[in-house]
Amino acid sequence: MTVHTESPPWVLSLQPYVPGKPIEELERELGIRGSIKLASNENPLGVSPLAAAAAHDAMARVHLYPDAATWRLRERLAAFADVPMARILTGNGSDELLHLLVRAFATNSHNAVMGEYGFIAYRVATGAAGLQQRAVPMPGFEHDLGAMARACDANTRLLLLANPNNPTGTWCGRAAVEALLRDTPEHVLIVLDEAYVEFADDPDYPNGLSLLGLRENLVVLRTFSKAYGMAGLRVGWAVVPEYVADRINRIRLPFNVNIPAQEAAIAALDDTDFVERTVALTRRGRAVVSAGLDALGLEYIAGQANFVLVRSPVGGPELYQRLLRQGVIVRPLQPYRMLDHVRISLGTDAENERMLGALGRVLRDVT
Ligand SMILES: *Cc1c(COP(=O)(O)O)cnc(C)c1O
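Criteria and cut-off values
Residues numbered from 1 in each chain as written. Predicted model: local features only at pLDDT ≥ 70, side-chain atom pairs only at ≥ 80, totals over all residues. Heavy atoms only, no water. Near = heavy atom within 4 Å. Polar contact = N/O pair within 3.5 Å; in protein donor to acceptor, adjacent residues only side chain to side chain. Areas by Shrake-Rupley, 256 points an atom, 1.4 Å probe, with all protein chains shown as cover. Helix = DSSP H or I, 4+ residues; strand = E, 2+ residues; numbered from the N terminus. Nonpolar A, V, L, I, M, F, W, Y, C, P; charged D, E, K, R; others polar. Phe/Tyr/Trp six-rings, centres within 6.5 Å; stacked < 30°, edge-to-face > 60°. Buried < 20%, exposed > 50% of the residue type's maximum accessible area, 1.4 Å probe, protein only. 1 Å grid on protein atoms, 1.4 Å probe; cavity = no way out; pocket = protein on both sides within 12 Å on 5 of 7 lines; lining within 4 Å. Points joined across faces, edges and corners; volume = space filled by probe spheres on them.

## Considerations on the site of the ligand
Turning to step 1, where the next piece is worked out: By nearness alone, 13 residues border the ligand, and Asp193, Tyr196, Thr223, Ser225 and Lys226 come closest of all.
Turning to step 2, where the next piece is worked out: In this structure, serine 94 approaches the ligand through a main-chain N or O atom, which is 2.7 Å from an oxygen atom.
Turning to step 3, where the next piece is worked out: The separation between an oxygen atom of the ligand and a polar side-chain atom of asparagine 166 is 2.7 Å.
Turning to step 4, where the next piece is worked out: Across the complex, the protein chains shield 92% of the 390 Å² of accessible surface that the ligand would expose by itself.
Turning to step 5, where the next piece is worked out: When residues of the shell around the ligand are assigned to their parent elements, the largest contribution, three residues, is made by helix 5 (residues 93-105).
Turning to step 6, where the next piece is worked out: Tallied by class, the residues present in the shell around the ligand amount to four nonpolar, five polar and four charged.

And the structure:
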């Protein structure tokens, strides 16, 4: 007879993360060729060639442990963000930094405030540590920052906000974010997740690095996974108050960013041309896809990130399945309980066109 070791109830209440469907899996299952994946907000241009070369060269040194302090990378990031190096943290993706922030500051007797359609990783990171989750309603899929500030109490340790948000694409303007930083109780650590900051082009979109002076307890979270095309290497970073860096350094694994990842990130920061090409392609794609969705009569939120949120006339999961059969992988949103929508990443010009064509065919089939 086997005896299972007990888990805390909050561990049992979690569901494993469901990633975007890999192309190979789809092609194996349906026997089709030439599929495209617009499901994980990955970079359609691939990885910066400078970053790839640096990672490749670094392979000659992987018999050594990485620099646990990620010194050269943090030096570069400190210059980039114009803050002292002691305020920079790096992690195995920004996802790891989220988990560390939760563990360094909260237990199951605390709560975290987030939007009801906030990024799913916030549910996982806080749920894994048993925090109570205060999911604040998002009318029209927009964060209500006033309500989020008011949802905080003495037991709130973290307030988690992605701007722009994934999966909704919605974003908050400067005045609203400034008010949030001012009105949220001082003891709450606000985590402003800017995974998509590079893609935003609205003049009212506030860059978190310009807000650091407004509040002590503010973390600005960034990633190399999107505009820098390094999702598979796993590098995230954050600007934090110095005492937060000290707390995280007590609990993190010492070698959380591997050698090729560190070298690739340093090189990627030099490859401004690659980021500019990525951003230009994405913004152009946003306009083209928006026009295409208008022409198809679909409701959508174009947002400020590298994806669009599309309302499906046949339900999200059904549209997802039908697009799969056309060789187009998008993201259904059951984990968010958004059953009427799919999230579609912006791709290359050819991928966007292919996706719009497939959507058109599906709509003809169902109406
Ligand atoms: C993609 C994404 C990230 C990045 O996660 P990594 O762990 O750095 O790959 C962070 N936040 C949001 C909202 C995202 O969509």
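## Here's the deal with the packing of aromatic side chains
Turning to step 1, where the next piece is worked out: By the definition in use, this model includes nine aromatic pairs.
Turning to step 2, where the next piece is worked out: For the pair phenylalanine 224 and tyrosine 228, a centre-to-centre distance of 4.9 Å together with 55 degrees between the ring planes defines the contact as tilted. Tyrosine 228 matches phenylalanine 224 in its accessibility class, with the two residues each being buried.
Turning to step 3, where the next piece is worked out: Taken together, Tyr196, Phe199 and Phe307 form an aromatic cluster joined through their ring pairs.

## What about empty space enclosed by the protein?
Turning to step 1, where the next piece is worked out: This model, assessed by the stated rule, comprises one cavity of 30 Å³ or more.
Turning to step 2, where the next piece is worked out: A volume near 40 Å³ is recorded for the largest cavity.
Turning to step 3, where the next piece is worked out: Lining of the largest cavity is provided by Phe80, Glu198, Arg222, Thr223, Phe224, Tyr228, Trp237 and Leu269.
Turning to step 4, where the next piece is worked out: Of the residues contributing to the lining of the largest cavity, the split by class is five nonpolar, one polar and two charged.

## Topic: unusual backbone geometry
Turning to step 1, where the next piece is worked out: In this structure, proline 164 follows asparagine 163 across a cis peptide bond, with omega equal to -5 degrees.
Turning to step 2, where the next piece is worked out: By the secondary structure assignment, proline 164 is in the loop between strand 5 (156-162) and helix 8 (174-183).
Turning to step 3, where the next piece is worked out: For the bond from asparagine 166 to proline 167, the omega torsion is 15 degrees, close enough to zero to count as cis.
Turning to step 4, where the next piece is worked out: Residue position: proline 167 is located in the loop between strand 5 and helix 8.
Turning to step 5, where the next piece is worked out: The backbone of arginine 234 shows a phi angle near 65 degrees, a positive value even though the residue is not glycine.
Turning to step 6, where the next piece is worked out: Mapped onto the elements, arginine 234 comes out in the loop between strand 7 (218-223) and strand 8 (236-239).
Turning to step 7, where the next piece is worked out: Judged by its relative accessible area of 29%, arginine 234 is partly exposed.

## Things to note about the side chain of glutamine 304
Turning to step 1, where the next piece is worked out: Within the secondary structure, glutamine 304 is located in the loop between strand 9 (300-301) and strand 10 (307-311).
Turning to step 2, where the next piece is worked out: Under the relative-accessibility criterion, glutamine 304 is labelled buried at 7%.
Turning to step 3, where the next piece is worked out: A polar side-chain atom of glutamine 304 sits 2.8 Å from the main-chain amide nitrogen of aspartate 201.
Turning to step 4, where the next piece is worked out: Polar side-chain contacts of glutamine 304 include one of 2.8 Å to the backbone nitrogen of aspartate 202.

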